[in-house]
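# Overview (structure and organization)
Spelled out, the chains give:
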Amino acid sequence: MKNWKILYRGSLSGCNYSCFYCPFAKKEISPVNLHNDKSELDRFIKWAQEQENQLEIMFTPFGEALIHNYYQEGIIKLSHLPNVKKVVIQTNLSGKLSWIESVNNKTVALWCSFHPSQVSLSEFTGKCNSLDSSNIRHSVGCVGMKEDFTVISRLRSELNPSTYIWINAYKHEKDYYSSADVQFLNSIDPLFNTNNKVYQTKGKICGTGDKVFSVKGNGDITRCHFHSTCIGNIYNAGFESVLYSRLCENETCHCYIGYVHLEELELAKVYGDSILERIYDLSHHKANTP
Ligand code: SF4
Ligand code: SF4
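Residues numbered from 1 in each chain as written. Chains lettered and ligands numbered in written order. Predicted model: local features only at pLDDT ≥ 70, side-chain atom pairs only at ≥ 80, totals over all residues. Heavy atoms only, no water.

### What about the site of ligand 1?
Under the convention used in this document: The rule for a residue being near a molecule or strand is that one of its heavy atoms must lie within 4 Å of it. Classification used: nonpolar for Ala, Val, Leu, Ile, Met, Phe, Trp, Tyr, Cys and Pro, charged for Asp, Glu, Lys and Arg, polar for all others including Gly.
Close to ligand 1 lie Cys-15, Tyr-17, Cys-19, Tyr-21, Cys-22, Ala-25, Gly-63, Asn-92 and His-115, which account for all nearby residues. Here the residues of the shell around ligand 1 sort into six nonpolar, three polar and no charged.

The following block contains the structure:
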């Protein structure tokens, strides 16, 4: 039996938040878009159910998916399938969380993004506390904008000390950070330096396209979210033949959900079994800190 890590992104395109740097900010979602996205998700879940291989599924929607009932129901269903080892979703955590009581908390994990311009710290940390109470594994993180450093400090002091906080480096402005900024962000996220880079990846071995691959709502497979070439479709018989080790064809890779599969970085050793949900074991870090 093989283990596949699948990054699923359906047609959903729109979000209830309005972060200034995001193309999906406050984008109205049409009923047709929702209908198509739901049909795609239903089909994908049925497919997942029929697979003999073990699956780790991560939802990386263009927008916020967990405010829609069909994603909540889909995650509940997937989480109880015997061949699904993991279900992860990226979320802004703005939706109600009562549904989460019905998931299998051994398989579900959340990647929770904090957006200080959109939600108060207390509201966000309240949601994180609910996840703790329900024993839902999760990472928390945000973009390391300088104007948010104060609230990022408060986030660290108010969250459960064992919750890992990742920081995504702001890369739209060259030399954005001073060395003091980098030091501060490392104090929040011990792995910040790994993210604060643009990796030169052309010709390098990356696990995507083999044991890790991306799937669109119509079933099309691309090796990762950053290569647009369709290499197959999960709904075609024998699609597995398109999955094999490949070299990266892009010049660079700068996003966690991509570079984390770059073989030379050996990040599976750092995140262990929690690479999709981006949970780093902070006790491990403390044990190695003098
Ligand atoms: S919460 Fe995420 S998807 Fe929504 S506007 Fe902000 S960055 Fe975009
Ligand atoms: S290094 Fe990044 S861009 Fe290249 S194949 Fe891997 S995930 Fe895709």
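From this point, things continue past the structure.
### Comments concerning the packing of aromatic side chains
Applied cut-off: For Phe, Tyr and Trp, where Trp contributes only its six-membered ring, two rings pair if their centres lie within 6.5 Å, and the inter-plane angle classes them as stacked under 30 degrees, edge-to-face over 60, or tilted in between. Helix and strand definitions follow DSSP, with helices as H or I runs of at least four residues and strands as E runs of at least two, each counted in order from the N terminus. Buried residues are those whose accessible area, probed at 1.4 Å on protein chains only, stays under 20% of the maximum for their type, while exposed residues exceed 50% and partly exposed ones sit between those limits.
Tallying each qualifying case throughout the model produces 22 aromatic pairs. Ring plane angle 75 degrees and centroid distance 5.5 Å describe the contact between Tyr-8 and Phe-59, whose orientation is recorded as edge-to-face. Of this pair, Tyr-8 sits in strand β1 (residues 3-9) while Phe-59 sits in strand β3 (residues 54-59), and the two are 51 residues apart along the sequence. The class of Tyr-8 is buried, set by a relative accessible area of 1%. Seen from their ring centres, Tyr-256 and Tyr-259 are 5.9 Å apart, and the 80 degrees between their planes marks the pair as edge-to-face. Of this pair, Tyr-256 and Tyr-259 both sit in helix α7 (residues 256-259), three residues apart, which is roughly one turn of that helix. Across the pair, Tyr-259 and Tyr-256 agree in class, each one buried. By the ring-pair criterion, three or more aromatic residues cluster together here, those being Trp-4, Tyr-8, Phe-44, Trp-47, Phe-59, Tyr-70, Tyr-71, Phe-213 and Phe-239.

### Here we look at the sheet that holds strand β8 (residues 165-168)
The line we're drawing: Strand pairing is assigned whenever DSSP detects at least two bridges linking the two strands.
Spatially, the nine strands line up as an open sheet ordered β8-β7-β6-β5-β3-β1-β11-β12-β13, and their pairing is mixed. Both outer strands of the open sheet, β8 and β13 (232-233), are each paired with one neighbouring strand and no more. By the bridge criterion, five bridges tie strand β5 (residues 84-91) to strand β6 (residues 108-113) in an arrangement that is parallel. Directly across from Thr-91, in β6, lies its bridge partner Cys-112.

### Structural notes on helix α4 (residues 149-158)
Selection rule: Think of the arc as the fan of directions from the helix axis to the C-beta atoms.
For α4, every residue scored as buried is listed here: Phe-149, Val-151, Ile-152, Leu-155 and Arg-156. Along the long axis of α4, the arc covered by the buried residues comes to 160 degrees, so they all point the same way. For α4, the exposed residues set more than 90 degrees away from the buried face come down to Thr-150 and Ser-157.

### Notes on the nonpolar core
How we decide: The nonpolar core is taken to be a set of buried Ala, Val, Leu, Ile, Met, Phe, Trp, Tyr and Cys residues, with the residues joined through side-chain atoms within 4.5 Å. Two residues qualify as a contact provided that any one of their heavy atoms is within 4.5 Å of a heavy atom in the partner residue.
In this structure, Trp-47, Phe-59, Tyr-71, Ile-75, Leu-78, Leu-110 and Phe-124 are the most contacted members of the largest nonpolar core, which totals 67 residues. Top element by residues in this core is helix α1 (residues 31-50). It accounts for five residues. Excluding residues within four positions of it along the chain, Leu-78 makes contact with Ile-45, Ala-48, Ile-57, Phe-59, Val-84 and Val-87. Listed in part, the 22 residues of the second largest apolar core include Cys-253, Leu-262, Leu-267 and Leu-282.

### Things to note about the pattern of salt bridges
Just so we agree on the cut-off: Every case where a carboxyl oxygen of Asp or Glu lies within 4 Å of a side-chain nitrogen of Lys or Arg is listed as a salt bridge.
Taken as a whole and judged by the stated rule, the model has 14 salt bridges. Between Glu-277 and Arg-137 there is a salt bridge, and its shortest N-O distance comes to 2.8 Å. Of this pair, Glu-277 sits in the loop between α8 (268-271) and α9 (282-287) while Arg-137 is found in strand β7 (residues 137-143), placing the two residues 140 residues apart along the sequence. Among the ionic pairs, Lys-204 bridges to Glu-264, the shortest N-O distance being 3.3 Å.

### Topic: the packing of α1 against helix α2 (residues 69-79)
What counts, and what does not: Axes here refer to lines fitted to C-alpha atoms; in helices the fit is confined to the stretch in contact. Angles between the N-to-C directions go from 0 to 180 degrees. An angle below 35 degrees is treated as roughly parallel, one above 145 as roughly antiparallel, one from 65 to 115 as roughly perpendicular, and anything else as oblique.
It is the contact of α1 with α2, at a shortest axis distance of 11 Å, that shows an interaxial angle of 0 degrees. In terms of their interaxial angle, α1 and α2 are classed as roughly parallel. For the pair α1 and α2, the contacting residues are Leu-34, Asp-37, Lys-38, Leu-41, Ile-45, Ala-48 and Gln-49 in the first and Tyr-70, Tyr-71, Gly-74, Lys-77 and Leu-78 in the second. Looking at the contact of α1 with α2 residue by residue, the class counts come to seven nonpolar, two polar and three charged.

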